[in-house]
Amino acid sequence: MSINGWRGKRIRFNLTKGTWAVEETPYEYRRKWLGGRGYNSEVLYNNVPVDVDPLSPENVVCLGVGPLSGTFGPSTGRVTVTAKSPLTGGFGDSNMGGHWGAELKYAGYEQIILTGKAPKPSYIWIDDDKIEIRDGSHIWGKFPRDADAIIKEELGDKDIHIVTIGPAGENLVRFACTFNDCYRAAGRTGHGAVIGSKNIKAIAVRGTGGVKIAKPEEYYKICSDWRETMRTDPMAQGLFNFGSLILIMPCNYEMGWFPWKNLKYGYHPDARNISGEVWAKKHLRHKEGCFSCAICCGIVSEVREGKYAGDYTGGPEYEAAVPTGPRVGIIDSETTLHNAMLTNNYGMDAIEAGASISWAMECWEHGLLTSKDTGGIDLTWGNQEAVEQLLHDMTYRKGFGDILADGPWRASMKLGLGEEYLTVTRGMSLPGDDPRGLGFGYGLSFAVGTRGGCDHLRSLCCLELSGYLYPGLNMKIVGTEECSKPLTTIGKPKMVYWEENQKAFVDCLQVCCFNTHWSYGCRNEHLIPMINAVTGLDFTEEELMTIGERIYNLERAYWSKMLSGKHEDTVPKRFTHEPMPENPAASSGKVLPLDEMLPEYYRLRQYEPETGFPGDKRLRELGLEDIAEELKPYRKKYIDLHEGKKGAKPQQQPKKGK
Amino acid sequence: MEHQRFIMINPDKCTGCRTCEMACSLYNEKECSPSLSRIRVVRNEAIGDSFPVGCALCSKPVCVEVCPTGANSIDPVMGTGIINEEICVGCKACVRACPFGAAGISYKTGKAFKCNLCNGDPQCVKHCPSNCLEYAPVELTVRHRRRALADDVISKLKGEG
């Protein structure tokens, strides 16, 4: 029987031996884990014990795509990259756009699994069914876009698509990221360092096959209708015209969650300097679209005059622009663009890089760090010289930069200071989204996300931000329209629960959340017929949401085995106890009432109230009986650990890997 | 023929998303594959420029001239390509001859394929999210382009640019 949608194969590399095996993914497996994030999470959970050092050869990196990848559907080129995170020590994944994911599918695979460690710097070349591990010593040390060009020249084809890491990944910077198509980054959780630790610089793919569609006419019709919806949607059009920097204006002037100075403040009078509207006039070089996208929010930017004239880079999108801009006290677009180019070139997560520097700057402001600690670097807010120096020193692990290259959480522990200025949950820093203004649903998802303190991408509560544009939507999903207001707790636990499960199965399809998750157009009522038209199967909404919940619980169980549970479901005190400094926007004086939402969220998730672990009964209902058994001894361990020790230290971490 | 319509490309608008490739291959070949698409996008990721390439609807089509079996012809009304799969032998003469790389061989059938403008309703144009592709009479599109150029130059001369 021919398979539709999936190609049904994956490649498992043993880099230590220089061998690989192409494995089939049976029907039951596909139906249980769907693709992309689901496949990856399953592989990580079952192949990497929780005590493995993330930078050792025992860690595993997975790159996965799903059944809709490489089709006419909405933005179907995305890839999930998963590994045990060197930043948090826990479960880590991240998602990138570009065209590589579709190319992998055309080559015939849904997933690549990297295990072991190559004996020398190498890169992988997948040319349909011909696979090769090639010498990569000549590209070691190169910036991603330069490595990309060299490999294309070498393989004699400029239409191939390549995953690369930058020097930060090679030097095991704990928040190094993975790119494809030069600039499309899977930013968070530091798997760039894991790939670097395996001596792999790049994965080049050429695929000349296709994806079979079970009901092509039907699929064509659904996708056409959906694309038509997007054309007229105001939010989609805003993203097309200005990229995600369009957020700056409402974020700062209306809602007040502009991440000024390490997220202490939510407002700056000059934020419009870096708004999408200004950016489009001053810096837009070309619009850039990920594979098969109907929005095309991507841009390539350039600096045309002044000190940084001639700089150019992909993006930056909102989350990549603000960390090394406003978060460190910089408010002009040229410098922001220059720094975004540096993080792209060095190959590191702009968010964590900016968070490291902004944490150090706040410590400096309060006299906790002095020039003696920093090797003479003056960490005054907005000192661009220091930012540039530290980005470089983190990448090449020099001086004070070497300490920051482990991320602010580890730096704080190592130096024994500045814990109160961390913006960290489960070892990872919050992005440029202050929950005191952005919304309390987001705040809740930051606390409970299964990859640490991001995590606006685990639930992406668009229902609270844009729900009001689509009357009836929240009533249908959450059961109230009240939750369409960001700064209320009403309905938020259910909203987050629903969004997390939905996002999890959407991540398996590897469809971009901008196309599915912002409240316009393509939600479940479009997605489910799409999946069925592509695969020819009979998925229901219930089954897909169950797949999402299964994946979410599996990821949560991984943290549980690390003895990270209820006590770690929190956000930094800054957001729950420091009222937002006075500003003219909605966030003024607000704090995040996290405790009001957690109990209801636990009840919906059926987590155990005393540990926060996934509940035994629910795990079994989700088909995760093995995990239910496996977790039993950890419950007692967790309770013993926290008995009488409220507010105990966050999760147990392996010591620094070097 | 002066009203013959063709696909005009405005390369400054191309985002390189390749939605056109997907629309083409799914609509015409019932499968999603760039290798089966009549239109292909050349991308240059490092600087962000992209450029779609499709059949140019040549007035003197070399693909037709070199076809040894007569399978490759032109629709006398539409001016678009026709491949008669019954007599195409898959020799790839048209692929070699086309200076634009716009002719292809299907991996499914081994026969040649060529753009037929989806019989007058090109799906690539319909779904292009940035309006980089336009389907209009040749004369009209060049008029538009001339006027855009004129407006741009004049506004610069007057210092308004």
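Worth saying up front: this structure is predicted, and the values here are computed from it rather than measured. (Residues numbered from 1 in each chain as written. Chains lettered and ligands numbered in written order. Predicted model: local features only at pLDDT ≥ 70, side-chain atom pairs only at ≥ 80, totals over all residues.)

Undergrad: Explain the overall build of chain B here, please?
TA: Each helix and strand in chain B was counted, giving five helices and nine strands. C-alpha atoms of chain B, sized along the principal axes, occupy 60 × 35 × 25 Å. (Helix = DSSP H or I, 4+ residues; strand = E, 2+ residues; numbered from the N terminus.)

Undergrad: How should I be thinking about the sheet that holds strand β2 (residues 19–24) of chain A in this particular structure?
TA: Within a sheet, each strand pairs with its neighbour through backbone hydrogen bonds, oriented either parallel or antiparallel. Residue and element names in this part refer to chain A. Taken in spatial order, the six strands of this open sheet run β2-β1-β6-β3-β4-β5, and their pairing is mixed. Both outer strands of the open sheet, β2 and β5 (91–96), are each paired with one neighbouring strand and no more. Across the sheet, the mean angle from the axis of one strand to that of its neighbour is 15 degrees, orientation sign disregarded. Sheet topology places strand β4 (residues 79–84) next to β5; six bridges connect them, and they run antiparallel. Paired with T82 across the bridge in β5 is D93. (Pairing = 2+ DSSP bridges. Axes fitted to C-alpha atoms, helices over the stretch in contact; angles between N-to-C directions.)

Undergrad: When you look at the domain arrangement of chain B in this model, what are you seeing that I'm missing?
TA: Quite often, the size of an interface is put as the accessible area lost when its parts meet. Residue and element names in this part refer to chain B. Domain parsing of chain B yields domain 1 (1–53 + 117–161) and domain 2 (55–114). Taking the mean C-alpha position of each, domain 1 and domain 2 sit 22 Å from one another. With nine residues of domain 1 at the contact, the number on the domain 2 side is twelve residues. For the side of domain 1 that touches domain 2, the class distribution of residues is five nonpolar, three polar and one charged. (Domains from an automatic or database assignment. Contact = placed C-beta atoms within 7 Å. Nonpolar A, V, L, I, M, F, W, Y, C, P; charged D, E, K, R; others polar.)

Undergrad: Can you walk me through the interface of chain A and chain B in this structure?
TA: Taken together, the 33 residues of chain A in the interface contact 24 residues of chain B. Considering only residue class, the side of chain A that touches chain B consists of 17 nonpolar, eight polar and eight charged. The pairing of strand β13 (residues 211–212) of chain A with strand β2 (residues 31–32) of chain B spans two bridges and is antiparallel. Its bridge partner lying in β2 of chain B, V211 of chain A is registered against C32 of chain B.

Undergrad: How should I be thinking about the domain arrangement of chain A in this particular structure?
TA: Residue and element names in this part refer to chain A. As assigned here, chain A comprises domain 1 (9–206), domain 2 (239–425) and domain 3 (429–642). Facing 32 residues of domain 1, the contacting portion of domain 2 comprises 25 residues. Those elements giving two or more residues to the side of domain 1 that touches domain 2 turn out to be α3 (100–107) and α5 (167–170). No other element matches the three residues that α5 contributes to the side of domain 1 that touches domain 2.

Undergrad: I keep staring at the sheet that holds strand β16 (residues 312–314) of chain A and nothing clicks. Help me out?
TA: Residues and elements named next belong to chain A. Across the sheet, which stays open at both edges, the three strands sit in the order β14-β15-β16 with antiparallel pairing between neighbours. Here the strands that pair on one side only, and so sit at the sheet edges, are β14 (284–288) and β16. Here the strands of the sheet are splayed against their neighbours by 15 degrees on average, with no regard to which way each runs. Summarising the sheet, β14 and strand β15 (residues 298–302) pair through four bridges and their orientation is antiparallel. Bridge assignment links K287 to a residue of β15, and that residue is I299.

Undergrad: Help me understand the environment of V42 of chain B, please; the structure alone is not making it clear to me.
TA: Along the chain, the position of V42 of chain B falls in strand β3 (residues 40–44). Between the C-alpha atoms of V42 of chain B and K158 of chain B, which are 116 residues apart in sequence, the distance is 36 Å.

Undergrad: Help me understand unusual backbone geometry in this model?
TA: Across the chain, the bulk of peptide bonds are trans and the bulk of non-glycine residues have phi less than zero. Residue and element names in this part refer to chain A. Cis rather than trans, the peptide bond between G315 and P316 has omega equal to -5 degrees. Note on placement: P316 falls in the loop between β16 and α11 (318–321). The backbone of D128 shows a phi angle near 50 degrees, a positive value even though the residue is not glycine. With respect to the helices and strands, D128 occurs in the loop between β7 (122–127) and β8 (130–135). Residue D128 is classed as partly exposed on the basis of its 14 C-beta neighbours within 10 Å. Despite not being glycine, N262 shows a phi value in the positive range, around 60 degrees. Structurally, the position occupied by N262 is in the loop between α9 (248–255) and α10 (276–282). A count of 29 C-beta atoms within 10 Å places N262 in the buried class. (Buried ≥ 20, exposed ≤ 12 C-beta atoms within 10 Å, placed from the backbone.)

Undergrad: Can you help me understand helix α24 (residues 524–535) of chain A in this one?
TA: Each turn of an α-helix holds 3.6 residues, which means side chains three or four residues apart point in the same direction. Residue and element names in this part refer to chain A. Under the 1.5 Å per step criterion, the end-to-end length of α24 is 16 Å for twelve residues, consistent within 8% with the ideal 16 Å. If you check which residues of α24 are buried, you get L527, M530, I531, A533, V534 and T535. In this structure, the buried residues of α24 make contact with α7 (216–232), α22 (492–509) and α23 (513–516). (Expected span 1.5 Å × (residues − 1).)

Undergrad: Explain the pairing of strand β3 (residues 61–64) of chain A to me, please; I cannot follow it from the model alone.
TA: On a regular strand, one side chain projects to one face of the sheet and the next to the other, so that they alternate. All names here are of chain A. Because side chains alternate across β3, one face comprises the buried residues V61 and L63, and the other comprises C62 and G64, equally buried. Looking at chain direction, β3 and strand β6 (residues 111–115) are connected through four bridges and run antiparallel. Each bridged residue has a counterpart across the sheet, and for V61 the counterpart in β6 is L114. Where β3 lies against β4, three bridges are found, and the strand directions are antiparallel.

Undergrad: Help me out: how do you make sense of the packing of helix α13 (residues 350–365) of chain A against helix α15 (residues 384–395) of chain A in this one?
TA: Relative orientation and spacing of two packed helices are given, respectively, by the angle between their axes and the distance between those axes. All names here are of chain A. Contact geometry of α13 with α15 gives a least axis separation of 11 Å together with a crossing angle of 120 degrees. In terms of axis orientation, α13 runs oblique to α15. The way α13 lies across α15 gives a crossing that is right-handed. Residue-level contacts link A353, S356 and I357 of α13 to V387, L390, L391 and M394 of α15. Here the residues of the contact of α13 with α15 are counted per class, giving six nonpolar, one polar and no charged. (Parallel < 35°, antiparallel > 145°, perpendicular 65-115°, else oblique. Left-handed = near helix turned anticlockwise from the far one by under 90°.)

Undergrad: I would appreciate a short explanation of helix α5 (residues 138–157) of chain B in the present structure.
TA: All names here are of chain B. Taking 1.5 Å per residue, 20 residues should reach 28 Å; α5 reaches 29 Å between its end C-alpha atoms and fits that length. With zero of its 20 residues buried, α5 lies for the most part at the surface. In the segment just after α5, G159 is the residue with positive phi, at about 75 degrees.

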